[in-house]
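Residue-level listing of the chains:
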Amino acid sequence: MSRLQTNISNTMEAAGRAFKVYKKLSGRERAKFLRLIGKEIYAIGDDLIHTVMEETNLPEGRVRGERDRTVGQIDKFADLLDEGSWLNAVIDVGDVERAPLPKPDLRKLHVPIGPVVVFGAGNFPLAFSVAGGDTASALAGGNSVVVKGHPAHPKTGALIANAIKQAVKKSGLPEGVFGFIEDSGYESGELLVKNPLTKAVGFTGSERGGRALYNLAAGRPEPIPVFAEMGSVNPVVVLPNALKNDHASIASKLVASVNMGAGQFCTNPGLLITTKTDGFDDFIENLVHEVKNTEGTEMYSESILRNYQLGTDKILSHSEIEVLGKSGSATDPEKAVPVLGLVKATDFIAKPSMHEEIFGPFSLLVVCESTEQILDVVEALKGQLTTTLWSYEDELDNYSGLISSLLEKCGRLLLNGVPTGVEVCSAMQHGGPYPASTDSRFTSVGVSAILRFVRPVSYQDFPQNLLPEELKNTNPLGIWRLVDNQWTKDPIK
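Let me sum up the structure you'll find in this document. Source: prediction; values computed, not measured.

### Here we look at helix α5 (residues 133-140)
Most of α5 sits inside the fold, with 8 of its 8 residues counted as buried. Considered for burial, the residues of α5 that qualify are Gly 133, Asp 134, Thr 135, Ala 136, Ser 137, Ala 138, Leu 139 and Ala 140. Just past α5, the residue Gly 142 takes up positive phi, approximately 95°.

Here you go:
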């Protein structure tokens, strides 16, 4: 057995042992632990900020904001645990006198599933990485976690991993509650997914990477779920009235969104769809003006920049695509050049290779001859994280079919806005039909993300003293429960 195999085997065995202890903690005890993780992250201080900036080329303001978001979402999971209703406690009280057969007493709630393997993301070194939403939601659900750090920011990953380990130690928990694997190779990922102690996987990244993990997990003797958030071009549809009256404002907002953070967001609006109606020529002029006046930006790494350049070269090799505009100031070869292309709807529909995500500041404008053709374009698309509709309210009633189709394709439908900026809250849905994610029923952002790493269990005809606190008649935790089809906090008499 190689050193890597031994390390991963030992790490997963420690996670398995720790899970048997950690899963027994109450929600409020886990909440206290999560809040301590946030404090330990802040305790790193400016060393964390400077390390992230050094490894990712991100500006200080963005890094501080992402650190706050990371701790903020951890705290939101702690609040969720304190409140308790996420357990979805459901009770159907038994009735031994029911005829012709007695009614069994059934009580159901969510329980943790076991050690979870998380793959850190490259584009969010904090919020979607070692202490990101996958790790926070899995720990909140009562699972031990093993993170494979992303090679794009190893020092950052090590700092955050150490902060979590400090929180584990100060909380008096077994070391295996959190494990960290520092390895840039594919073998380590394969070993982690195939390890029999692994019960679920969290991943944020490319479709190719997510699908590879999904296939590995499905091929195990005991298949396990892979919750992968992957590629999305996040189509934006601009309807005629909005195009005619707001073309300048829409163009400015869309180009700013496309180029935010050098286009390194999974919600980057890389596909713009509209019609050749009043305002179209002005819209084109506005878009080109905005793109030409957008400065090129450094990307996270040389490899991401190289992939962006290869991706743009590949899609622009289609003779049907016209280059409308490029950044006029992006002369530095180490910076990503914002690019805007144009293609006719018929050509776009005919060539699915044009539908793929270009990770970076690239956008493609699809020109339709009619609003009916917009629907054809949308129907040709694969699953998306987001879809967006720019429209005047008085014309929406005429596009119910388009709205329905956009909803079928996405996890979040926006009206008159841009998809970049993913609010961490209870109502957020960050996922979508494949290939946006491997399971569109779940979100990777917001407190509902905890539901990926728990499973429902029913207790039948158990005595009160053997039931979990959440299911006892007295409701000692004071949580909301569905008792005989009525939501209540009252004890059962």
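### Digging into the packing of helix α2 (residues 27-43) against helix α6 (residues 154-170)
Interaxial distance between α2 and α6 falls to 8 Å at its minimum, and their mutual angle equals 135°. Comparing their axes, α6 and α2 come out oblique. Handedness of the crossing formed by α2 with α6: right-handed. Along its contact with α2, which presents Phe 33, Leu 36, Ile 37, Glu 40 and Ile 41, the element α6 presents Ile 160, Ala 163, Ile 164, Gln 166, Ala 167, Val 168 and Lys 170. The class makeup of the residues in the contact of α2 with α6 is 9 nonpolar, 1 polar and 2 charged.

### A short note on helix α11 (residues 302-316)
Here α11 spans 21 Å end to end across 15 residues, near enough to the 21 Å set by a 1.5 Å rise per residue. Of all the positions in α11, only Ile 304, Leu 305, Tyr 308, Gly 311, Thr 312 and Ile 315 are classed as buried. Along α11, the residues classed as buried sweep out an arc of 125° about the axis, all on the same side. Of the residues in α11, the exposed ones pointing more than 90 degrees away from the buried face are Glu 302, Asn 307, Leu 310, Asp 313 and Lys 314. Looking at the packing, one finds that the buried side of α11 touches β12 (335-336), β13 (339-344) and β14 (362-368).

### Some points on the side chain of Ser 232
Take Ser 232: it is sitting in the loop between β7 (226-229) and β8 (236-238). Of the polar contacts made by the side chain of Ser 232, one reaches the backbone nitrogen of Leu 385; its length is 2.9 Å. The contact partners of Ser 232, leaving out residues within four places of it in the chain, are Cys 266, Asn 268, Glu 357, Gln 384, Leu 385 and Thr 386.

### Some thoughts on the pattern of salt bridges
Tallying each qualifying case throughout the model produces 18 salt bridges. Asp 68 is the salt-bridge partner of Arg 67, the closest N and O atoms lying 3.9 Å from each other. Arg 67 gets classed as buried once you look at its relative accessible area, which sits at 10%. Using a relative accessible area of 38% as the deciding quantity, one classes Asp 68 as partly exposed. Across the pair Lys 351 and Glu 320 runs a salt bridge whose closest N-O atoms are separated by 2.7 Å. With Lys 351 in the loop between α12 (345-350) and β14 and Glu 320 in the loop between α11 and β11 (322-326), this pair connects stretches of sequence that are 31 residues apart. Taken together, the shared-partner salt bridges connect Arg 35, Asp 79 and Asp 82 into one network.

### A closer look at the sheet that holds β13
With mixed pairing, 7 strands are arranged side by side in an open sheet as β11-β13-β14-β9-β8-β15-β16. Pairing within the sheet leaves two strands with one partner each, and these edge strands are β11 and β16 (410-415). Strand-to-strand twist across the sheet, computed as the mean angle between neighbouring axes with direction ignored, equals 20°. Of the pairings in the sheet, the one linking β8 to strand β15 (residues 384-390) comprises 3 bridges and is parallel in character.

### Regarding the sheet that holds strand β17 (residues 454-460)
One open sheet accounts for 5 strands, arranged β17-β2-β1-β18-β19; its pairing is mixed. At either end of the open sheet lies a strand with only one pairing partner, and these are β17 and β19 (486-488). Within this sheet the neighbouring strands show an average axis-to-axis angle of 25°, counted without direction. The pairing of strand β18 (residues 481-483) with β19 spans 3 bridges and is classified as antiparallel.

### What about the packing of aromatic side chains?
Using the criterion set out here, one finds 7 aromatic pairs in the structure. Ring geometry for Phe 119 and Phe 203: centres 6.3 Å apart, planes at 70°, overall edge-to-face. A residue pair is termed long-range when its members are at least 10 positions apart, and Phe 119 in strand β3 (residues 116-119) and Phe 203 in strand β6 (residues 200-204) qualify at 84 residues. Using a relative accessible area of 11% as the deciding quantity, one classes Phe 203 as buried. With a centroid separation of 5.2 Å and 90° between ring planes, the pair formed by Tyr 459 and Phe 462 is classed as edge-to-face. Given a relative accessible area of 21%, Tyr 459 falls into the partly exposed group. Site record: aromatic cluster; members linked through ring pairs are Phe 124, Phe 128 and Phe 265. Lying over the aromatic face of Phe 124, Arg 62 brings its terminal NZ or CZ to 5.0 Å of the ring centre.

### Here we look at the layout of surface pockets
Each pocket or cavity is described by its volume, and for the second largest pocket that value is around 580 Å³. Lys 23, Leu 25, Arg 30, Pro 112 and Glu 470 are the residues nearest the centre of the second largest pocket, which is lined by 26 residues in total. Taken together, the elements giving at least two residues each to the lining of the second largest pocket come down to α2, α4 (60-83), β2 (106-112) and β17. Counting residues per element, the lining of the second largest pocket draws most heavily on β2, which supplies 4 residues.

### What about the packing of α2 against α4?
In the contact formed by α2 and α4, the axes pass within 8 Å of each other and the chain directions differ by 165°. With respect to each other, α2 and α4 are oriented roughly antiparallel. Seen along the crossing, α2 lies across α4 with a hand that is left-handed. Residues Gly 27, Arg 28, Arg 30, Ala 31, Leu 34, Arg 35, Ile 37, Gly 38, Ile 41 and Tyr 42 of α2 form the contact with α4, whose participating residues are Arg 67, Asp 68, Val 71, Ile 74, Asp 75, Phe 77, Ala 78, Asp 79, Leu 81 and Asp 82. For the contact of α2 with α4, a count of residues per class yields 10 nonpolar, 2 polar and 8 charged.

About the cut-offs
- Residues numbered from 1 in each chain as written.
- Predicted model: local features only at pLDDT ≥ 70, side-chain atom pairs only at ≥ 80, totals over all residues.
- Heavy atoms only, no water.
- Buried < 20%, exposed > 50% of the residue type's maximum accessible area, 1.4 Å probe, protein only.
- Helix = DSSP H or I, 4+ residues; strand = E, 2+ residues; numbered from the N terminus.
- Axes fitted to C-alpha atoms, helices over the stretch in contact; angles between N-to-C directions.
- Parallel < 35°, antiparallel > 145°, perpendicular 65-115°, else oblique.
- Left-handed = near helix turned anticlockwise from the far one by under 90°.
- Contact = heavy atoms within 4.5 Å.
- Nonpolar A, V, L, I, M, F, W, Y, C, P; charged D, E, K, R; others polar.
- Expected span 1.5 Å × (residues − 1).
- Arc of directions from axis to C-beta.
- Polar contact = N/O pair within 3.5 Å; in protein donor to acceptor, adjacent residues only side chain to side chain.
- Salt bridge = Lys/Arg side-chain N within 4 Å of Asp/Glu carboxyl O.
- Pairing = 2+ DSSP bridges.
- Phe/Tyr/Trp six-rings, centres within 6.5 Å; stacked < 30°, edge-to-face > 60°.
- Lys NZ or Arg CZ within 6 Å of the ring centre and 35° of its normal.
- 1 Å grid on protein atoms, 1.4 Å probe; cavity = no way out; pocket = protein on both sides within 12 Å on 5 of 7 lines; lining within 4 Å.
- Points joined across faces, edges and corners; volume = space filled by probe spheres on them.

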